[in-house]
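What the coordinates show
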Amino acid sequence: MDKCKLYDLMARFDEIAQRSDDGTVEYWTARDLYSLLGYTRWESFPDAIGRAVLSCEAAGFSVEDHFREVPKMIELGKSARREVPDYHLTRYACYLIAQNGDPRKEEIAFAQCYFAFQTRRMELIEDRMELNSRMDARGKLREAEKRLSQNIFERGVDDAGFGRIRSKGDKALFGGHSTEDMKNRLGVGKGRPLADFLPTLTIAAKNLATEMTNHNVEENDLQGEPAITGEHIQNNRSVRDMLIQRGIEPETLPPAEDIKKLERRVKTDEKKLAGQSGRLPKPGAAPTAEGQVGATEDAPQA
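Residues numbered from 1 in each chain as written. Predicted model: local features only at pLDDT ≥ 70, side-chain atom pairs only at ≥ 80, totals over all residues. Heavy atoms only, no water.

Let's shift gears to the overall build of the protein. Scanning the protein from terminus to terminus reveals 12 helices and 4 strands. Structurally, the protein occupies a C-alpha span of about 75 × 40 × 35 Å along its principal axes. Per-residue burial over the protein gives 44% buried out of 302 residues. Pairs at least 24 residues apart make up 67% of the contacts formed inside the protein by residues separated by at least 6 positions. (Helix = DSSP H or I, 4+ residues; strand = E, 2+ residues; numbered from the N terminus. Buried < 20%, exposed > 50% of the residue type's maximum accessible area, 1.4 Å probe, protein only. Contact = heavy atoms within 4.5 Å.)

What follows covers the packing of helix α8 (residues 159-173) against helix α11 (residues 225-245). Where α8 contacts α11, the two axes come as close as 8 Å, and the packing angle between them is 25 degrees. If you check the angle between α8 and α11, you find them roughly parallel. Along this stretch, α8 crosses α11, giving a crossing that reads as right-handed. Residues Gly 161, Arg 164, Ile 165, Arg 166, Lys 168, Gly 169, Ala 172 and Leu 173 of α8 form the contact with α11, whose own contacting residues are Glu 225, Ile 228, Thr 229, His 232, Ile 233, Asn 236, Arg 237, Val 239 and Arg 240. When the residues that make up the contact of α8 with α11 are grouped by side-chain class, the tally is 6 nonpolar, 5 polar and 6 charged. (Axes fitted to C-alpha atoms, helices over the stretch in contact; angles between N-to-C directions. Parallel < 35°, antiparallel > 145°, perpendicular 65-115°, else oblique. Left-handed = near helix turned anticlockwise from the far one by under 90°. Nonpolar A, V, L, I, M, F, W, Y, C, P; charged D, E, K, R; others polar.)

Because an α-helix packs 3.6 residues into every turn, residues spaced three or four apart end up facing the same way. For α8, with 15 residues, the first-to-last C-alpha span of 21 Å sits near the 21 Å given by 1.5 Å per residue. Restricting attention to buried positions, one finds in α8 the residues Gly 161, Phe 162, Ile 165, Gly 169, Asp 170, Ala 172 and Leu 173. Positive backbone phi, approximately 65 degrees, marks Gly 175, located one or two places after α8. (Expected span 1.5 Å × (residues − 1).)

Moving on to the environment of Ser 167. Note that Ser 167 resides in helix α8. Judged by relative accessible area, Ser 167 falls into the partly exposed class, the value being 29%. Counting along the chain gives 100 residues from Ser 167 to Phe 67, while the straight-line C-alpha distance between them is 48 Å.

The alternating pattern of strand β2 (residues 26-29) places Glu 26 and Trp 28 on one face and Tyr 27 and Thr 29 on the opposite face, and all of these are buried. Bridge count between strand β1 (residues 18-19) and β2: 2 bridges; the pairing is antiparallel. In the sheet register, Gln 18 faces β2, and the bridge partner there is Tyr 27. Hairpin connection of β1 to β2: 6 residues between the antiparallel strands, including Gly 23 at a positive phi of 75 degrees. Summarising the sheet, β2 and strand β4 (residues 80-90) pair through 3 bridges and their orientation is antiparallel. When the sheet's bridge partners are listed, Tyr 27 is paired in β4 with Thr 90. (Pairing = 2+ DSSP bridges.)

Here the focus is the packing of aromatic side chains. Inspection of the entire model under this criterion finds 12 aromatic pairs. Relative to Tyr 114, the ring of Trp 28 has its centre 6.4 Å away and its plane inclined at 80 degrees; by these criteria the two rings are edge-to-face. Placement of the pair is Trp 28 in strand β2 and Tyr 114 in helix α6 (residues 106-114), with a sequence separation of 86 residues. Like Tyr 114, Trp 28 is buried. Considering the side-chain rings of Phe 61 and Tyr 92, the 5.5 Å spacing of their centres and the 75 degrees angle between planes classify their relative orientation as edge-to-face. (Phe/Tyr/Trp six-rings, centres within 6.5 Å; stacked < 30°, edge-to-face > 60°.)

Turning to helix α3 (residues 45-58), a few remarks are in order. Taking 1.5 Å as the rise per residue, α3 with 14 residues should run 20 Å; its terminal C-alpha atoms sit 20 Å apart, in good agreement. Along α3, the residues that are buried comprise Phe 45, Ala 48, Ile 49, Ala 52, Val 53 and Cys 56. Around the axis of α3, the buried residues are gathered within 145 degrees of arc, so they sit on the same side. Seen from the open side of α3, the exposed residues pointing more than 90 degrees away from its buried face are Asp 47, Leu 54 and Ala 58. Note on α3: the residue one or two positions beyond its end, Gly 60, has a positive phi of about 90 degrees. (Arc of directions from axis to C-beta.)

In this section: the side chain of Asp 258. By secondary structure assignment, the location of Asp 258 is in the loop between α11 and α12 (259-276). Judged by relative accessible area, Asp 258 falls into the buried class, the value being 10%. Only 2.8 Å separates the side chain of Asp 258 from the side chain of Arg 192, close enough to count as a polar contact. Excluding residues that lie within four positions of it along the chain, Asp 258 makes contacts with Arg 192, Asp 196 and Phe 197. (Polar contact = N/O pair within 3.5 Å; in protein donor to acceptor, adjacent residues only side chain to side chain.)

Laid out in structure tokens, this is it:
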């Protein structure tokens, strides 16, 4: 996402932010928020809120502190009005809604990072977007490898065979360097997966090769270790060739930070965010539109 789009999204999210009467709690209304998150119909949005509520409960925080259903009057024309449901949502609630959305949507990917911080500093948001991209890529690779393990087990290959297949795939992707060679190059500790220390690009490359193997194993009903090994080697070579054509040698890319540390940091940030977001006022002390706020002083200007 280019910087102009980032600044535009930041301005739009800032514009709809509001504050409680006493100024202590920043919140957003669901009716203002849903279209900015890429939803075209309001009817789909309460389901997203419901998933976020479950996440809030699972994390051990009070739902009432962060999600508040409130009525809203809308104009229907010719002086007619109708009451519709709406929600007041703290920053933490908005973050959970974004976390339960589709990260392939640019608006969702941005919102996940925008709501992760109390401060609106663009460099923090950009760093978090890069981090989220890497964690998402790692999660996809885990799922692809899990599926490959299941596929080959159903076709007569045990866990040791799966390890051999994956290792030979790595050797093809990394230009003849084995998994252990790459671990030594990148300083990966014993017993840790290589992929936890790879940059996003390399993780995505491994995932593409693995998904290609899954597809062809299933499509062509490949059986036994030799056939599946040959398929996986070929797919990793194809991905490597594509990278080499673009001047990228995956074995020469520097290591990235341990993804387990990053995931722990994100969890810690989430817990802090819940406390920093404050609590919505109790019913009967509802915030008013006069509390609406724009960008804070530390928000960069486009």
